[in-house]
2 protein chains.
Amino acid sequence: MSPGSPHPHSHVVPRHPRLDPLADRYAARTHGMKSSEIRALFSVVSRPEVVSLAGGMPAVTALPLDAVGSMIGELVSGMGAQTLQYGSGQGDPRLRERICDVMALEGITDASPSEVVVTVGSQQGLDLVTRVFCDPGDVVLAEGPSYVGALGVFQAAEARVRHVPMDDDGLIPEALEQALLECRANGDRVKFLYTVPNFHNPAGVTLSEPRRQAIVDIAERYDLLVIEDNPYGLLGFEHEPMRALRARNSQRVVYLGSFSKTFSPGLRVGWVLAPLAVREKLVLATEAQVLCPPSLTQYAVARYLDTQPWREQIKLFTELYRERRDATLESLDALMPPGTTWTRPDGGFYVWLKLPHGLDSKLMQPRAVNAHVAYVPGIGFYADGAGREYMRLSYCYPEPDQIREGVRRLARVIEAELDLHSTFDAVDTGTFRAVGRPAPTHTAETIVGPANSDRSED
Amino acid sequence: MSPGSPHPHSHVVPRHPRLDPLADRYAARTHGMKSSEIRALFSVVSRPEVVSLAGGMPAVTALPLDAVGSMIGELVSGMGAQTLQYGSGQGDPRLRERICDVMALEGITDASPSEVVVTVGSQQGLDLVTRVFCDPGDVVLAEGPSYVGALGVFQAAEARVRHVPMDDDGLIPEALEQALLECRANGDRVKFLYTVPNFHNPAGVTLSEPRRQAIVDIAERYDLLVIEDNPYGLLGFEHEPMRALRARNSQRVVYLGSFSKTFSPGLRVGWVLAPLAVREKLVLATEAQVLCPPSLTQYAVARYLDTQPWREQIKLFTELYRERRDATLESLDALMPPGTTWTRPDGGFYVWLKLPHGLDSKLMQPRAVNAHVAYVPGIGFYADGAGREYMRLSYCYPEPDQIREGVRRLARVIEAELDLHSTFDAVDTGTFRAVGRPAPTHTAETIVGPANSDRSED
Ligand SMILES: Cc1ncc(COP(=O)(O)O)c(C=O)c1O
Ligand SMILES: Cc1ncc(COP(=O)(O)O)c(C=O)c1O
C-alpha cells in the first residue's frame, strides 16, 4: 500500500545496486512503490502503552464468535468437498445472490448475480478495475483526501491521480466539473472518478443527496465512469442507508462492496458489481491474479448471511461505533486547543482533523508516539504531498475510555507544539518545516493539481 | 486465465462498441485477455455423465474433514480477534516459520521467515513476481508446454513468452542456453525463466538431477533470474523429494510454493520465497493488490501443520494419486491406437499425450465430449498456438474405474478420428483442418519462436 507522497521520510527500500543485485531489472511500476504511512505505524501501534487512533481495524470481537466458529467448522466437516476445493473465478453463485440482497439495502434493486465478481476484499476489486481500465499515464480523479489503499493501487498502475476537493457534504460537483474540463483541455485521458460516498475514509464526511444526483448527471454529461467504493454504507449512526450512486445509474457506475466492516476483514471477501462487459474483463483479470477467491471464506459469508442475524449484528456494530464516535467528538470538543478543527462523521470509522496553522502532523508524529498516542498523518491520503496540516483519527477499535485518554494525550502534544511554535515562530528550525516551506493549500475552491509529482521525486 | 492462443474458437468477449459502451477505454493489457481452454470446459466437466480428465482438482475428500473442521471452528471461536481481523501484508509470522519447515523437505535449509511472503495461492505469487519484474514487451522464458495459469499472468503483464523445449528429463539446458543467446542477439530483455521442475503441469515430466545443476549454472553464467514454481514437489510416487533449484542458489532463484496440492486449494494459501530486496517489493505489491491474505485461512494452515499429521496425509495423497496414475498408464498402454504417445509421470497429476500424426486435439474435442470424456487441448499450454497434436490428461480427481472408462472412451474417439482421417486423408474438409493447415511443429531441437503472435491476432 502506498500513499505516493514525496515526503523525505517516506519508507523507500534502498535501490543501490550493491544492496540489490536485481535493482536494474524491476518493472517501471516497481520503482514508484513505497510503504504507506499506515504500515510505518504498525510496529508502534502494537505497543500496549500506545493508544492507537491510527488503524482502521473493525471491532470483530463484537461478533458471536462461538456461533460463527461452529458454523464455519460445520462448513468444513460437512461440505469439505466444496469448501476446501477450487471454485469459479467469478465466485460462488450462492454468495453472489446474497450479495445482491445486501446491495438492495442501498437501493440497488436491479443487480443480477451474474454482474457480481467476488474479490479478495474490495481492495482486490479496486485493483482489478484499475488494471482493466488504466494504462500508465492515464488520469484517475479522486477526492482529496482519498483512501490510502486506493492511492497505492493507482500508483502500482502508474496512473496519475488528480484530487478533487470535498467539503462537509462530500465531493464538490462544481469542482469535479472543473477538473474534467481542465483534463479535457490538457488532453488527459480520464479513466474514472474514484469516490467513497459514505463516511469517507479518511474525511469522515458523506455525499449529500442532491450532490449524488449532481455527480451522476455530470458522469452522464461528460461520459465519465464512476467507481463507487462503499465499505461503510451500512454503518450509519443517524439514518437509513442512502441510495447508492449505482442505484441511479447502472451503466456508468461500477460498485465496490466489502464484508470487512459489516462482518469480518480477516475473511477478505469483497465484491465488484459491474455491467456485463466489464464484469467479463474483471473475471479474466482475477483468474490471472488468484485463479479464484478462497472457497471457504466465501461459503462462510454466504452461510453467515443465510443463518445468522446479520442485520441485528450490523445494528450492534453501529451502536458500538456510535459510542466511540461520541467519545471522540466529546473529547475533541472539550480538549482541543483553538485553531484545531475536525469533521463530525455520522457513520463509519474516521474523523479528519486539521491542526492549527503552521503545525505539521508528520513532523509532530514522533512526539505523539512519545506521548503514547498514534494517528495517521494526512500526507498519506494525498498523491501529491498535500495534507501536512491534517491527520486521520480512527475511533473504530479502541474502547471509549482509551479514546478519551488518547485525545487527551493528543491535545497535550498539539498544545506543546503551539507553545514551541509561538516561541520560535516563523523560524525554520527544521522542526517547523511547514512554516518555512508551507504545505500546498487546499480549499474547497482549489483543484489540487496534477498529482504525479511523487514519481518524479522518487 | 488465458492461454493466449490465436485459435479461431477462443472465447473472446465481443468488443463491438454497441455491445460495450466502454470498449474504447480499457487498458492495453485488457484487449489481450481471453478465456482459457480450461474455463471453456467448466460447464462440460460438471455434467455427471462426462468423465473429466480435464480439471486439476485435488482429491480433498481424502482429508480428515471432521478433524480439520473442528480445528478451524476452534480457530474462530477461540481466536476470532486474530483470525477474523486484518493481518500483515507479508502474512502471519507463525505460518511463515512453518513454511520454512516445509521447504526444508526439498533441501531449502537456509530460508528465513522474513524472506517469505504468503500469497492467495501460488497463482498470486506468480502474478506479484511478474508485476514486480515485467514491463510490457519484456521476455519471459518458459517451458513449452507451460502452465496455463502462468501464461495468463504473463499475458496480463503484456510480457512476451518464449518457449524452451523439454523432453522426458524436463527443460533442456542446451535449448535454454540457445534461447538466451538468441534473445541477447535480438536485444530482448529477458526478465526471468519460469519453470516447473517437478511433475510438470501439463507435461508430467521432472527435471533430472544433472539438469538442475546445469540450469543453475546457466543462470549464474547468463545473469538469469529463475522462478521455480513447485506445487507438486512433495507428491512423488517413487522417491524422496528432489533438491529444489532454490536449494542450490538463494540469490538467483525465486521459489513459489503452495498448499493447494498438499492440503487444500480452497484455502488459497501459497507463498513466495525471495531475496530480501525482492521480498520487500513483493510485499508492497501484495498490499496494493489485496492489503493482506485472509487471516483465517493462514491460521488454518499453520494450525494444520502444527497439530495434524500432515506428512502422513501427503503419503496418503500420493498413494491415491499413484493408483490413479497406474490406472491411467495401464489403460493407455492397453487401449491407445498406434502412433499415440504419452509421458510417464512419477508424481503429480498429469499425463501429456501426443495424438497420431494429423489429428488435432482441439478439433476433436466436441466429439470427445459427445463420447462423454473431457481433456484439455494442448494449445492451451502454449503462448504461440502450438500444441494442437497434444492434450493434457489429469488423473488426480476421478476414481481409477472412471479413469479406465474415460481412457476407453478417449481411445475410441481417437480411433474414429483415425478412420475418418484415412478415408478423407489430406482433404481439407474443415474437419481436419490440421491436415490442410499443419500446426507448428515442436521437437526437442527447435526453439519455439517469439510468442507474442496472440496479441497481433486478437
Ligand atoms: C474506502 C475503503 N475502501 C476499501 C477498503 C478495503 O477494504 P477490504 O478489506 O474490503 O479490502 C477500505 C478499508 O479500510 C476502505 O476504507
Ligand atoms: C504449475 C502450477 N503452478 C501454480 C498453480 C496454482 O496453484 P495455487 O492453487 O497455489 O494458486 C498450479 C495449479 O494447478 C500449477 O499447476
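Rules and cut-offs
Within any chain, residue numbers begin from 1 and follow the written order of that chain's sequence. Key to labels: chains lettered from A, ligands numbered from 1, both in the order written. Predicted model: local features are reported for residues with pLDDT of at least 70 only, side-chain atom pairs are reported and counted for 80 or more only, and whole-chain, interface and lining totals are derived from all residues. Just so you know, side-chain values use all the structure's heavy atoms and leave hydrogens and water out. UniProt positions are given in the numbering used here, feature names are shortened, and annotations may be inferred rather than shown by experiment. Superposition of the copies was done by least squares, using only C-alpha atoms of residues whose pLDDT is at least 70 in both. Should any heavy atoms of two residues lie within 4.5 Å, those residues are counted as being in contact. Numbering goes from the N terminus for both helices and strands, where a helix is a DSSP run of H or I of at least four residues and a strand is a run of E of at least two. Multiplying 1.5 Å by the residue count of a helix minus one yields the expected span of that helix. Three exposure classes are used, based on accessible area relative to the maximum for each residue type with a 1.4 Å probe and protein chains only: buried under 20%, partly exposed in between, and exposed over 50%. Definition used for salt bridges: Asp or Glu carboxyl oxygen within 4 Å of a side-chain nitrogen of Lys or Arg. Here a residue is considered near a molecule or strand provided that any single heavy atom belonging to it is located within 4 Å of it. Whenever two N or O atoms come within 3.5 Å, that pair is a polar contact, provided that in protein one can donate a hydrogen and the other can accept it, and provided that, for residues adjacent in sequence, both atoms are side-chain atoms. Using the Shrake-Rupley algorithm and a 1.4 Å probe, accessible areas are obtained, with residue cover drawn only from the displayed protein chains. Summed over both partners, the accessible area lost on bringing two parts together, with a 1.4 Å probe, is the buried area. Gly is placed with the polar residues, together with every amino acid not listed as nonpolar (Ala, Val, Leu, Ile, Met, Phe, Trp, Tyr, Cys and Pro) or charged (Asp, Glu, Lys and Arg). Stacked, edge-to-face and tilted labels apply to pairs of Phe, Tyr and Trp rings (six-membered ring for Trp) whose centres lie within 6.5 Å, assigned for plane angles under 30 degrees, over 60, and everything in between, in that order. Confidence of the prediction at every residue is given by pLDDT, a number between 0 and 100. We call two strands paired when DSSP finds no fewer than two bridges between them.

Quoted verbatim from the Cofactor (unreviewed entry) heading of the UniProt record, the comment on chain A is "pyridoxal 5'-phosphate". Recorded in UniProt for chain A, the comment headed Sequence similarities (unreviewed entry) runs: "Belongs to the class-I pyridoxal-phosphate-dependent aminotransferase family."

S.K.: What should I look at first to understand the relation of the copies chain B and chain A in this one?
M.R.: Both copies of the chain are related through a single rotation about an axis accompanied by a shift along the same axis. It takes a turn of 180 degrees to lay chain B on chain A, together with a shift of 0.0 Å along the axis; the resulting RMSD is 0.0 Å. Overall, the copies show the geometry of a two-fold rotation axis. Proximity to the rotation axis, assessed at the C-alpha, singles out Gly73 of chain B in chain B; its C-alpha lies 2.0 Å from the axis. The share of interface residues of chain B whose copies in chain A are also at the interface is 100%, consistent with both copies meeting through the same surface.

S.K.: Even after reading the chapter, I still don't get helix H10 (residues 295–307) of chain A, so can you show me in this structure?
M.R.: An α-helical segment advances 3.6 residues per turn. Residues three or four places apart therefore align on the same side. For H10 of chain A, which comprises 13 residues, the first-to-last C-alpha distance of 18 Å matches the rise-based estimate of 18 Å (1.5 Å per residue) to within 8%. All of the buried residues along H10 of chain A are Ser295, Leu296, Thr297, Gln298, Ala300, Val301, Ala302, Tyr304 and Leu305 of chain A.

S.K.: Would you mind showing me how to read the pattern of salt bridges here?
M.R.: Pairing between side chains of opposite charge can happen when the charged atoms of each approach one another. With the rule as written, the count across this model stands at 55 salt bridges over all chains. Of the charged contacts in the structure, one is a salt bridge between Asp326 of chain A and Arg325 of chain A, with a shortest N-O distance of 3.0 Å. A salt bridge links Asp401 of chain B to Arg404 of chain B, with the shortest nitrogen-to-oxygen separation between them at 2.7 Å. Taken as a pair, Asp401 of chain B and Arg404 of chain B lie in helix H14 (residues 400–423) at a separation of 3 residues, close to a single helical turn. Overlapping salt bridges, with partners in common, bring together Arg94, Glu97, Arg98, Asp101 and Asp306 of chain A in one network.

S.K.: I would appreciate a short explanation of the site of ligand 1 in the present structure.
M.R.: Taken together, 15 residues form the shell around ligand 1, and within it Asp229, Tyr232, Ser258 and Ser260 of chain A together with Tyr86 of chain B come nearest. Within the side chain of Ser258 of chain A, a nitrogen or oxygen atom sits 2.6 Å from an oxygen atom of ligand 1. Out of a free accessible area of 400 Å², ligand 1 has 96% covered by protein chains. It is helix H5 (residues 121–133) of chain A that contributes the most residues to the shell around ligand 1, 3 residues altogether.

S.K.: How should the interface of chain B and chain A be read in this particular structure?
M.R.: With 85 residues of chain B at the contact, the number on the chain A side is 85 residues. Interface area lost by chain B to chain A is led by Arg25, Leu84 and Arg131 of chain B, which between them contribute 10%. Inspection of the region where chain B meets chain A yields 4 salt bridges. Two residues, Asp223 of chain B and Arg25 of chain A, come together in a salt bridge whose shortest N-O distance is 2.8 Å. The tally of links from chain B across to chain A stands at 36 residue pairs in polar contact (both at pLDDT 80 or more). Among the elements of the structure, helix H1 (28–31), helix H4 (65–83), helix H6 (121–133), helix H7 (148–156), helix H10 (276–290) and helix H11 (295–307) of chain B are those that each provide at least two residues to the side of chain B that touches chain A. The element contributing the most residues to the side of chain B that touches chain A is H4 of chain B, with 12 residues. Within the side of chain B that touches chain A, the residues separate by chemical class into 43 nonpolar, 23 polar and 19 charged.

S.K.: How do you make sense of the packing of aromatic side chains when you look at a structure like this?
M.R.: In the structure shown here, the tally under the stated rule is 26 aromatic pairs over all chains. On the numbers, 5.6 Å between centres and 90 degrees between planes, the contact of Trp352 of chain A with Phe381 of chain A is edge-to-face. Highlighted residues: Trp352 of chain A in strand S11 (residues 350–354) and Phe381 of chain A in the loop between strand S13 (376–377) and strand S14 (390–394), separated in sequence by 29 residues. Accessibility classification places Trp352 of chain A together with Phe381 of chain A in one group, the buried group. With centroids separated by 4.8 Å and ring planes inclined at 55 degrees, the aromatic side chains of Tyr321 of chain B and Phe349 of chain B adopt a geometry described as tilted. With a gap of 28 residues between them, Tyr321 of chain B in helix H12 (residues 310–335) and Phe349 of chain B in the loop between strand S10 (341–342) and strand S11 (350–354) connect regions that are remote in the sequence. Look at Phe349 of chain B and you get buried, because its relative accessible area is 0%. An aromatic cluster of three or more residues is present, and its members are Tyr232, Phe317, Tyr321, Phe349 and Tyr350 of chain A.

S.K.: How should I be thinking about the confidence of the model for chain A in this particular structure?
M.R.: As a note on interpretation, predicted positions should not be read in detail where pLDDT is low. Residue and element names in this part refer to chain A. Summing up the model confidence of chain A, the mean pLDDT is 89 and the portion of residues at 70 or higher is 86%. Counting interchain partners and residues more than four positions distant, the pLDDT-below-50 stretch residues 427–458 has 68 contacts. With a pTM of 0.90, the predicted complex shows an ipTM of 0.89.

S.K.: Looking at this structure, how should I read helix H9 (residues 276–290) of chain A?
M.R.: Residue and element names in this part refer to chain A. The end-to-end C-alpha separation of H9 is 21 Å, in line with the 21 Å expected for 15 residues at 1.5 Å each. The buried fraction of H9 is high, at 14 of 15 residues. Once H9 finishes, Leu291 follows within two positions and takes phi at roughly 65 degrees, a positive value.

S.K.: Whenever I open this one, the UniProt feature "domain: Aminotransferase class I/classII large" (unreviewed entry) in chain A confuses me. Can you help?
M.R.: Mapped onto this numbering, the UniProt entry annotates "domain: Aminotransferase class I/classII large" (unreviewed entry) at residues 78–410 of chain A. The straight-line gap between the two end C-alpha atoms of residues 78–410 of chain A is 51 Å; of that span, 43% is helix and 17% is strand.

S.K.: What am I meant to see in the site of ligand 2 here?
M.R.: Around ligand 2, the surrounding shell holds 15 residues, and the nearest of these are Tyr86 of chain A together with Asp229, Tyr232, Ser258 and Ser260 of chain B. Close to ligand 2, residues of chains A and B are found. For ligand 2, the protein covers 97% of the area, taking 390 Å² as the surface of the free molecule. In terms of residue count, the dominant contributor to the shell around ligand 2 is H6 of chain B (3 residues). Here the shell around ligand 2 is composed, by residue class, of 6 nonpolar, 6 polar and 3 charged.

S.K.: Quick question: what am I supposed to make of the sheet that holds strand S2 (residues 116–120) of chain A here?
M.R.: Backbone-to-backbone hydrogen bonds pair the strands of a sheet. The strands run either parallel or antiparallel. Residue and element names in this part refer to chain A. The sheet built from 8 strands is open, its strands ordered S2-S9-S8-S7-S6-S3-S4-S5 with mixed pairing. Whereas interior strands pair on both sides, the edge strands pair on one side only; in this sheet they are S2 and strand S5 (170–171). Relative to strand S8 (residues 253–258), strand S7 (residues 226–229) runs parallel, the two sharing 4 bridges. When the bridges of S8 are listed, Asp229 appears paired with Leu256.

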